[in-house]
Amino acid sequence: MATTRRPTSPHAVWVGVDLGGTKLMCSVLDSKFRVLAEDRTSVPPAEGQQKGLKRMAELIENTLKQSGMRRGSLAAIGVGCPGPLDLEKGLIVHAPNLGWRKVPLKKFLEGVFGRPVVVSNDVDAGTFGEYVAGAAQGARTVLGIFPGTGIGGACIYEGQLIRGARQSCMEIGHVKVWPAGPLCGCGRRGCLEAVAGRLAIAAQAAAAAYRGDAPALLERTGTDISKIRSKALADAIRDGDHVVERIVRRAARYIGLAAANAINLLAPDVVVLGGGLVEAMPKLFLEEVEEEARDKVMPSFRDTFKVVAAKLGDRATVIGAAALAARAVQSGEVRHDAG
Ligand SMILES: [Zn+2]
């Protein structure tokens, strides 16, 4: 793998794409990763993956047009996707929310745009975005934790994203925090995600609402787990559902415990918390995660890190995906003349 830095024109633009659950967001960014234009669209799962890919190409084309930049100034495209992925091939192995399987994303977009395409894990990209333009700028080692439906993690060390040969890593959602705990989507028991992910929180909150212990939540969403999303939980807590608050605080404590284990291994100077749950309840999550992490790390680590909330919101992934693509092109890791 070449390591020489390749010059990129200062007028070059980078495109970042966030393939979310069923939403697509695209930004065109300048060489300092400032947003020049952004646009979004939805990807109805029923349309299938061919139409979905076509929508992505159209969105990129339209966003480039809105930015006023010519296609010739496009240096590379970075796409952040939920896993599992084959990072070498730029392949989405499976996107359960969309029902997509074995999607050759890199090959498709390089065919359409004739520029290098770098596919990244969405939480890796989100954490990298916070590192280049958000809450973790200037850190030596960043640990990113993004609790949502699942719980994703990422680590950046001296500006380099830590990853495996083909796979992303830092699956903090599947670190065991309760060996005899509930069954996780991965098939094992007691993973952080099964104890503290949004689905786990929503299931407990729904039970509380059913029992009559969470009247504000019951009025808002009923006991339908799919409706008990981050904002509904935050609203119920604000309106006095103490049982819901206890459930969420307990989940955040488990995230703090998993963070402590990761801190002992990586010694991050910044732990950045992002994702839907944290965005809806930043104070609660920062308090509980930080307190539990400081309590559970080795004493010599206790004062070596800060815990911060992500700053870029839903832009973190597009900015990070573009920045990871820029890094790969500039380091010679992917060819500039691909396609
Ligand atoms: Zn698991």
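Because the structure is predicted, anything quoted here is derived from the model rather than measured.

Asks: What exactly am I supposed to notice about the coordination of the zinc ion here?
Replies: A metal bound by six donors in octahedral fashion has ideal angles of 90 or 180 degrees, whereas one bound by four tetrahedral donors has an ideal angle of 109.5 degrees. Each protein donor to the zinc ion is listed here as His174 (ND1), Cys184 (SG), Cys186 (SG) and Cys191 (SG); together their distances run 2.0 to 2.4 Å. Of note is the zinc ion, whose four donor atoms meet at the metal with angles of 105 to 121° in an arrangement that counts as tetrahedral. Between consecutive donor residues of the zinc ion, the sequence gaps follow H-x9-C-x1-C-x4-C. Taken together, the positions of histidine 174 in the loop between β11 (160-161) and α4 (192-196) and cysteine 191 in the loop between β11 and α4 put the pair 17 residues apart, joining distant regions of the chain. Judged by its relative accessible area of 24%, histidine 174 falls in the partly exposed class.

Asks: Could you clarify how one ought to interpret the domain arrangement of the chain in this entry?
Replies: By convention, interface size is frequently given as the accessible area that disappears when the constituent parts associate. Assigned domains of the chain: these are domain 1 (13-127 + 315-330) and domain 2 (139-310). Placing a centre on the C-alpha atoms of domain 1 and another on those of domain 2 gives a separation of 27 Å. The interface of domain 1 with domain 2 comprises 12 residues on the first partner and 16 residues on the second. Looking at the side of domain 1 facing domain 2, the largest losses of area belong to Leu87, Asp124 and Thr127, adding up to 46% of the total buried there. On inspection of domain 1 and its partner domain 2, the count reaches two salt bridges. Between arginine 166 and aspartate 86 there is a salt bridge, with its nearest N and O atoms 3.0 Å apart.

Asks: In this structure, what is going on with the pairing of strand β8 (residues 117-121)? I would like to understand it.
Replies: For a regular strand, the rule is simple: side chains alternate between the two faces of the sheet. Within β8, five of the five residues are buried, which leaves it mostly tucked inside the rest of the structure. Where strand β4 (residues 74-81) lies against β8, five bridges are found, and the strand directions are parallel. From the neighbouring strand, cysteine 81 faces β8, where its bridge partner is asparagine 121.

Asks: I would appreciate a short explanation of the side chain of arginine 294 in the present structure.
Replies: Mapped onto the fold, arginine 294 is located in helix α10 (residues 282-296). Overall, the relative accessible area of 19% leaves arginine 294 in the buried class. Aside from chain neighbours lying at most four places away, what touches arginine 294 is Arg302, Asp303, Phe305 and Lys306.

Asks: Before we go on, may I ask you to explain the sheet that holds strand β13 (residues 306-309) in this structure?
Replies: Strand pairing in a sheet relies on backbone hydrogen bonds. The paired strands run either parallel or antiparallel. The five strands lie next to each other as β11-β10-β9-β12-β13, forming an open sheet whose pairing is mixed. In this open sheet, the two edge strands, each paired with only one partner strand, are β11 and β13. Looking at chain direction, strand β9 (residues 141-147) and strand β12 (residues 270-273) are connected through four bridges and run parallel. Bridge pairing in β12 places valine 142 opposite valine 270.

Asks: Would you explain α10 in this entry?
Replies: In a regular helix each residue adds 1.5 Å, so 15 residues correspond to 21 Å; α10 covers 21 Å between its end C-alpha atoms and thus fits that length. By the burial criterion, the buried members of α10 are Leu284, Phe285, Glu288, Val289, Glu292, Ala293 and Arg294. On its buried side, α10 packs onto α7 (230-238), α8 (242-266), β12, α9 (276-280) and β13.

Asks: How do you make sense of α8 when you look at a structure like this?
Replies: Along an α-helix, a turn takes 3.6 residues, which lines up residues three or four apart on a common side. Over its 25 residues, α8 extends 35 Å from the first C-alpha to the last, a length consistent with the 36 Å expected when each residue adds 1.5 Å. Directly beyond the C-terminal end of α8, a positive phi value near 50° is found at alanine 267.

Asks: Help me understand the environment of glutamine 66 in this model?
Replies: With respect to the helices and strands, the residue glutamine 66 is situated in helix α1 (residues 48-67). Residues glutamine 66 and leucine 36, 30 residues apart in the sequence, show an inter-C-alpha distance of 8.5 Å. Aside from chain neighbours lying at most four places away, what touches glutamine 66 is Ala37, Glu38 and Asp39. Here the side chain of glutamine 66 touches aspartate 39 through a polar contact of 2.9 Å, side chain to side chain.

Asks: Looking at this model, I keep getting lost on the nonpolar core. Mind explaining?
Replies: Judged by nonpolar contacts, the single largest core of 51 residues is most densely connected at Ile145, Leu192, Leu217, Met281 and Phe285. Excluding its chain neighbours within four sequence positions, the residues that come into contact with leucine 217 are Ala205, Ala209, Gly222, Ile228, Ala232, Ala236, Asp241 and Val244.

Asks: So what exactly am I meant to see when it comes to the sheet that holds strand β5 (residues 85-86) here?
Replies: Ordered by their spatial adjacency, three strands build an open sheet running β5-β6-β7, and the pairing between neighbours is antiparallel. Of all the strands in the sheet, the pair left with one neighbour each is β5 and β7 (100-103).

Asks: Got a minute to help me understand the packing of helix α5 (residues 198-211) against α8 in this structure?
Replies: When two helices pack together, their arrangement is given by the angle between their axes and by how far apart the axes lie. Closest axis-to-axis distance for the α5/α8 pair is 10 Å, and the angle between their directions is 160°. Looking at the two axes, α5 sits roughly antiparallel to α8. The two elements α5 and α8 cross, and the hand of that crossing is right-handed. Along the contact surface, α5 presents Ile201, Gln204, Ala205 and Ala208, while α8 presents Val243, Ile247, Val248, Arg250 and Ala251. Its residues assigned to classes, the contact of α5 with α8 shows seven nonpolar, one polar and one charged.

Asks: Just to check I follow, could you spell out unusual backbone geometry for this structure?
Replies: Residues other than glycine predominantly adopt negative phi, and peptide bonds predominantly adopt the trans conformation. The phi torsion at phenylalanine 33 lies on the positive side, around 60°, for a residue other than glycine. Relative to the elements of secondary structure, phenylalanine 33 occurs in the loop between β2 (23-29) and β3 (35-42). For methionine 170, which is not glycine, the phi dihedral falls at a positive 55°.

Rules and cut-offs
- Within each chain, residue numbers correspond to sequence positions counted from 1 in written order.
- Reporting in this predicted model follows two pLDDT cut-offs: at least 70 for local features of residues, and 80 or more for side-chain atom pairs to be given and counted; totals over whole chains, interfaces and linings ignore these cut-offs and use all residues.
- Side-chain calculation: all heavy atoms of the structure are included, whereas hydrogens and water are not.
- Donor criterion used throughout: N, O or S atom within 2.8 Å of the metal, extended to 3.2 Å for Na, K and Ca. Water excluded; incomplete-looking sites may result.
- When four donors show all angles between 85 and 135 degrees the site is tetrahedral, when four or six donors have opposite pairs over 155 degrees and all other angles between 65 and 115 it is square planar or octahedral respectively, and in every other case it is irregular.
- Numbering of helices and strands runs from the N terminus; a helix is a DSSP stretch of H or I covering at least four residues, while a strand is a stretch of E covering at least two.
- Buried residues are those whose accessible area, probed at 1.4 Å on protein chains only, stays under 20% of the maximum for their type, while exposed residues exceed 50% and partly exposed ones sit between those limits.
- The domain boundaries here were taken from an automatic or database domain assignment.
- The criterion used for residue contact is that any of the two residues' heavy atoms lie within 4.5 Å.
- Buried area: the sum, over both parts, of the accessible surface (1.4 Å probe) that disappears when the two are put together.
- Think of a salt bridge as a Lys or Arg side-chain nitrogen and an Asp or Glu carboxyl oxygen that are within 4 Å of each other.
- At least two bridges found by DSSP between two strands are what make those strands a pair.
- Residue count minus one, scaled by 1.5 Å, sets the expected span of a helix.
- Here a polar contact means two N or O atoms within 3.5 Å. Within protein one must be a hydrogen donor candidate and the other an acceptor candidate, and residues neighboring in sequence count only if both atoms are side-chain atoms.
- Nonpolar cores were defined as sets of buried Ala, Val, Leu, Ile, Met, Phe, Trp, Tyr and Cys residues, with membership established by side-chain atoms within 4.5 Å.
- Axis lines are fitted through C-alpha atoms, for helices just across the contact stretch, and the angle between N-to-C directions can take any value from 0 to 180 degrees.
- Note on terminology: angles under 35 degrees are roughly parallel, angles over 145 are roughly antiparallel, angles of 65 to 115 are roughly perpendicular, and the others are oblique.
- Here is the rule for handedness: rotate from the far helix to the near one, and if that takes an anticlockwise turn smaller than a right angle the crossing is left-handed, while a clockwise turn gives right-handed.
- Residues are sorted three ways: Asp, Glu, Lys and Arg are charged, Ala, Val, Leu, Ile, Met, Phe, Trp, Tyr, Cys and Pro are nonpolar, and all the rest, Gly among them, are polar.

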